[in-house]
2 protein chains.
Amino acid sequence: MPRAGLHPDAVVGAGAALADETGFAALTMGALAERLGVRTPSLYKHVASQEDLHRRIAALALTEAGDAVGAAIQGRSGRDALAAAAHALRDFVVTHPGRYAATVGLTPTGPDDPVAVAAARGLAPFEAVLRGYDVAAEDRVHALRALRSVFHGFATLEADGGFQFSTTVDDSFDWLVDLVHRGLVAAGGTAQVPQHGA
Amino acid sequence: MPRAGLHPDAVVGAGAALADETGFAALTMGALAERLGVRTPSLYKHVASQEDLHRRIAALALTEAGDAVGAAIQGRSGRDALAAAAHALRDFVVTHPGRYAATVGLTPTGPDDPVAVAAARGLAPFEAVLRGYDVAAEDRVHALRALRSVFHGFATLEADGGFQFSTTVDDSFDWLVDLVHRGLVAAGGTAQVPQHGA
DNA sequence: CACGTTGGCTAATTGTGATAGCTTCTGGCT
DNA sequence: AGCCAGAAGCTATCACAATTAGCCAACGTG
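As a starting point, this report considers the structure included with it. In this text the structure is predicted, and so the values were computed from the model without any measurement.

Within chain A, the secondary structure is distributed over eight helices and zero strands. Element order for chain A, N to C, with α for helix and β for strand: α-α-α-α-α-α-α-α. Seen through its principal axes, chain A has C-alpha atoms that stretch 70 × 40 × 30 Å. Counting only residues that meet the buried cut, chain A has 47% of its 198 residues in that class. When contacts within chain A are restricted to residue pairs at least 6 apart in sequence, those whose partners lie at least 24 apart make up 67%. Summed over its atoms, the accessible surface of chain A is roughly 9200 Å², and 53% of this surface lies on carbon and sulfur atoms. With 16 positive and 22 negative side-chain charges, chain A shows a separation of 6 Å between the mean positions of the two kinds.

In structure tokens:
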């Protein structure tokens, strides 16, 4: 009997893909095992439990999302960077709804929790975006949380089909980005001319 | 054997309370039955399924949240109304995390879905808040969605323990409210548009 | 007080997560 | 080449949660 040659990352990756295709709620150990051509208990050789699987998928999603956002803001700053970051995140969530859904409702166990680490990494590009605005040092945490709340909120609502007139959702998103931009500019009192790394 | 004298609303109310106390994930039919002093199958005389229960709890939460926000903005307008509404919603989510968690991940089946109706009702106070700002008629939908995204995002992140330094979360929230306020004011053009781009 | 309706129960089914313990493949070492 | 330890599968089995079927007792109404 030949071996399937699995390995934790393969299981997590397949789980994330399956969640994207069939919905996070349908991500059952049995379904995942079937997709991998293996019996259910075999999965437990690679992940400790379903919750462990969820957390690993969440960490993967946060890392991927952060990388996508990071790539999107390359060479941009100020409002351009903000818009690029926002759209990159939204695109990621729309394209990978299942794995992103794994990230909600997770309480990080501590600062060394892989989920927390991945979340921090996913947040880094947004810190970079903020550097294009004149936000006081002591307000950086608040501004970062604001960005997170805004775009996470919009993305999850959209992914859950929470907006009724789907035709205008794109416009709403652009409007939201503008709202945040205006709020950030006004926060500094001075409009810093976008200059990356300045 | 005396009857328990249950009734759908009692089941939904108890379910919401149980979810608040033990977490939405722990809201099992068995646990709810035990709390009501009844056997599990008896619940099915009052709710059609667990999903039905979830939807009813969600509708209850949205209605209650909307009422709380509506009460909070009485006699206020402009920035005061915005701040009052935001804090009322946040307080509700913090106080009733379980029932609010029931509202995420629900796709309304149609415009007559009780969940959709309750959501619309819960949104009404925010429309009222927006009337205190000079937002163009065609932008009202966008502005409403923005408010929803912002405060829903913050509330869910906070409820999930997603913010690391809990001591400053209150400040972050106030800062977020200010950010939105500034963005809304600048949207109308009535107030000081900061020297963005000179 | 008869009686239909309703609300509760027990019993049983199904699906899912998880563990135990056996077996077999694989890769390194002699 | 052949041996052996450990990893990676498997079958069998539990536990537990949701749900349904079908029975029976309590309640309200005539």
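Having put the structure on the table, let's press on.
Moving on to the pattern of salt bridges. Residues and elements named next belong to chain A. A full pass over the atoms with the stated rule returns 20 salt bridges over all chains. In this structure, Arg 79 engages Asp 178 in a salt bridge whose closest nitrogen and oxygen atoms are separated by 2.9 Å. Of the two residues, Arg 79 is situated in helix H4 (residues 78-95) and Asp 178 in helix H8 (residues 169-188); the sequence distance between them amounts to 99 residues. For Arg 79, a relative accessible area of 32% corresponds to the partly exposed category. Asp 178 sits in the partly exposed class, given a relative accessible area of 26%. Each member of the salt-bridge network shares a partner with another, and the members are Asp 20, Glu 64 and Arg 99.

All names here are of chain B. Mapped onto the elements of the fold, Ala 33 is located in helix H2 (residues 29-35). Under the relative-accessibility criterion, Ala 33 is labelled buried at 0%. Along the primary structure Ala 33 and Gly 110 are separated by 77 residues, whereas in three dimensions their C-alpha atoms are 30 Å apart. Here Ala 33 is in contact with Val 38, Arg 39, Thr 40 and Leu 43, once residues within four sequence places are set aside.

Below, the discussion takes up the packing of aromatic side chains. Applying the stated criterion across every chain, the model contains eight aromatic pairs over all chains. With a centroid separation of 5.1 Å and an interplanar angle of 40 degrees, the aromatic rings of Phe154(A) and Phe163(A) are classed as tilted. With a centroid separation of 6.3 Å and 20 degrees between ring planes, the pair formed by Phe126(B) and Phe151(B) is classed as stacked. Here the residue Phe126(B) occupies a position in helix H6 (residues 114-130), and Phe151(B) occupies one in helix H7 (residues 140-159), the gap between them amounting to 25 residues. Accessibility expressed as a relative area gives 7% for Phe126(B), which makes it buried. Since its relative accessible area comes to 2%, Phe151(B) is described here as buried. Across from the ring centre of Phe173(B), 4.9 Å away, lies the NZ or CZ of Arg90(B), which sits over that ring.

On to the protein's contact with DNA strand C, then. In the vicinity of DNA strand C, 19 residues are found, and the nearest of them are Arg3(A), Thr28(A), Gln50(A), Ser42(B) and His46(B). Counted by atom, the contact set of DNA strand C within 4 Å of the protein is 65% sugar and phosphate. Separating a base oxygen of DNA strand C from a side-chain N or O atom of Lys45(B) is a distance of 3.2 Å. His46(B) has a polar side-chain atom sitting 2.6 Å from a phosphate oxygen of DNA strand C.

This part is about the nonpolar core. Phe151(A), Leu184(A), Phe151(B) and Leu184(B) are the most contacted members of the largest nonpolar core, which has 77 residues in total. Setting aside residues up to four positions removed in sequence, Leu184(B) forms contacts with Trp175(A), Leu179(A), Leu130(B), Tyr133(B), Val135(B), Ala143(B) and Leu147(B). Of all hydrophobic cores here, the second largest spans 23 residues; its members include Val12(B), Leu18(B), Leu27(B) and Leu62(B).

Rotating chain B by 180 degrees about the axis while translating it 0.0 Å along that axis superimposes it on chain A, leaving an RMSD of 0.1 Å. Taken together, the turn and the small shift mark the pair as related by a two-fold rotation axis.

Moving on: the environment of Leu144(A). Residue and element names in this part refer to chain A. By the secondary structure assignment, Leu 144 is in helix H7 (residues 140-159). C-alpha separation for the pair Leu 144 and Asp 170, spaced 26 residues apart in sequence, amounts to 23 Å. In contact with Leu 144, other than residues within four places in its own chain, are Leu 123, Phe 126, Glu 127 and Leu 130.

This part is about helix H4 (residues 78-95) of chain B. Residues and elements named next belong to chain B. Here H4 spans 26 Å end to end across 18 residues, near enough to the 26 Å set by a 1.5 Å rise per residue. Turning to H4, its buried residues number three or more, namely Gly 78, Ala 81, Leu 82, Ala 84, Ala 85, Ala 86, Ala 88, Leu 89, Arg 90, Phe 92 and Val 93. On its buried face, H4 is in contact with helix H3 (50-72), helix H5 (97-101), H6, H7 and helix H8 (169-188).

So, on to the side chain of Asp113(B). Note that Asp113(B) resides in the loop between H5 and H6. If we ignore the near neighbours within four places in the chain, the residues touching Asp113(B) are Arg55(B) and Pro108(B).

Right, let's get into the interface of chain B and chain A. Across the contact, 43 residues belong to chain B and 45 residues belong to chain A. For the pair chain B and chain A, the summed buried surface comes to about 3500 Å²; carbon and sulfur atoms form 64% of the total. The largest share of the area that chain B buries against chain A comes from His142(B), Arg145(B) and Trp175(B), three residues that together contribute 20% of it. Put simply, chain B and chain A have 17 residue pairs in polar contact (both at pLDDT 80 or more) between them.

Turning to the packing of H4(B) against H8(B), a few remarks are in order. All names here are of chain B. Direction vectors running N to C along H4 and H8 enclose 140 degrees, while the axes themselves pass 10 Å from each other. Our classification of the angle between H4 and H8 gives oblique. When you trace H4 past H8, the crossing you get is right-handed. For the pair formed by H4 and H8, the contact residues are Arg 79, Leu 82, Ala 83, Ala 86, His 87 and Arg 90 on the first element and Val 169, Asp 170, Phe 173, Asp 174, Val 177, Asp 178, Val 180 and His 181 on the second. Tallied by class, residues from the contact of H4 with H8 come to seven nonpolar, two polar and five charged.

For the pair Phe151(A) and Arg79(A), spaced 72 residues apart in sequence, the C-alpha to C-alpha distance is 15 Å. In this structure, Phe151(A) is in contact with Leu82(A), Ala86(A), Leu89(A), Phe126(A), Phe173(A) and Val177(A), ignoring residues within four places of it in sequence.

Rules of the game
Each residue is numbered by its place in its chain's sequence as written, counting from 1. Numbering of ligands from 1 and lettering of chains from A proceed in the order in which they are written. At least 70 in pLDDT is required for a residue's local features to be given in this predicted model, at least 80 for side-chain atom pairs to be given and counted, and no such filter applies to totals for whole chains, interfaces and linings, which use all residues. Where side-chain values are given, they derive from all heavy atoms of the structure, hydrogens and water being excluded. To qualify as a helix, a DSSP run of H or I must reach at least 4 residues; to qualify as a strand, a run of E must reach at least 2; elements of each kind are numbered from the N terminus. Type-normalised accessible area, obtained with a 1.4 Å probe on protein chains alone, sets the label of each residue: buried when under 20%, exposed when over 50%, and partly exposed for intermediate values. Contact definition: two residues touch when any of their heavy atoms are within 4.5 Å. Per-residue and other accessible areas were derived by the Shrake-Rupley procedure at a 1.4 Å probe size, with only the shown protein chains allowed to occlude residues. Counted as positive: Lys and Arg. Counted as negative: Asp and Glu. His and the chain ends are not counted at all. Working definition for charges: the position is that of NZ of Lys, CZ of Arg, CG of Asp or CD of Glu. Salt bridges are identified by distance alone: a Lys or Arg side-chain nitrogen within 4 Å of an Asp or Glu carboxyl oxygen. Each Phe, Tyr or Trp ring (for Trp, its six-membered ring) is paired with any other whose centre lies within 6.5 Å, and the angle between the two planes then decides the class: stacked below 30 degrees, edge-to-face above 60, tilted in between. Charge over a ring is defined by NZ of Lys or CZ of Arg lying within 6 Å of the ring centre and within 35 degrees of the ring normal. For this description, a residue counts as near a given molecule or strand if any of its non-hydrogen atoms is within 4 Å of it. The definition of a polar contact used here is a pair of N or O atoms within 3.5 Å, where within protein one atom must be able to donate a hydrogen and the other to accept one, and adjacent residues in sequence count solely through side-chain atom pairs. Grouping buried Ala, Val, Leu, Ile, Met, Phe, Trp, Tyr and Cys residues that are joined through side-chain atoms within 4.5 Å yields what is termed a nonpolar core. Here the copies are superposed with least squares, the fitted atoms being C-alpha atoms of residues at a pLDDT of at least 70 in both. In a helix, the anticipated span is given by 1.5 Å times the number of residues less one. Two parts placed together each lose some accessible area under a 1.4 Å probe, and the buried area is that loss summed for both. Only the stretch in contact is used when a helix axis is fitted, and all axes are lines through C-alpha atoms; the angle between N-to-C directions ranges over 0 to 180 degrees. Angles are sorted into four bins: roughly parallel if under 35 degrees, roughly antiparallel if over 145, roughly perpendicular if 65 to 115, and oblique for all others. The handedness criterion is simple: a crossing whose near helix is rotated anticlockwise from the far helix by less than a right angle is left-handed, and one whose near helix is rotated clockwise is right-handed. Each residue gets one label: Ala, Val, Leu, Ile, Met, Phe, Trp, Tyr, Cys and Pro are nonpolar, Asp, Glu, Lys and Arg are charged, and the others, such as Gly, are polar.

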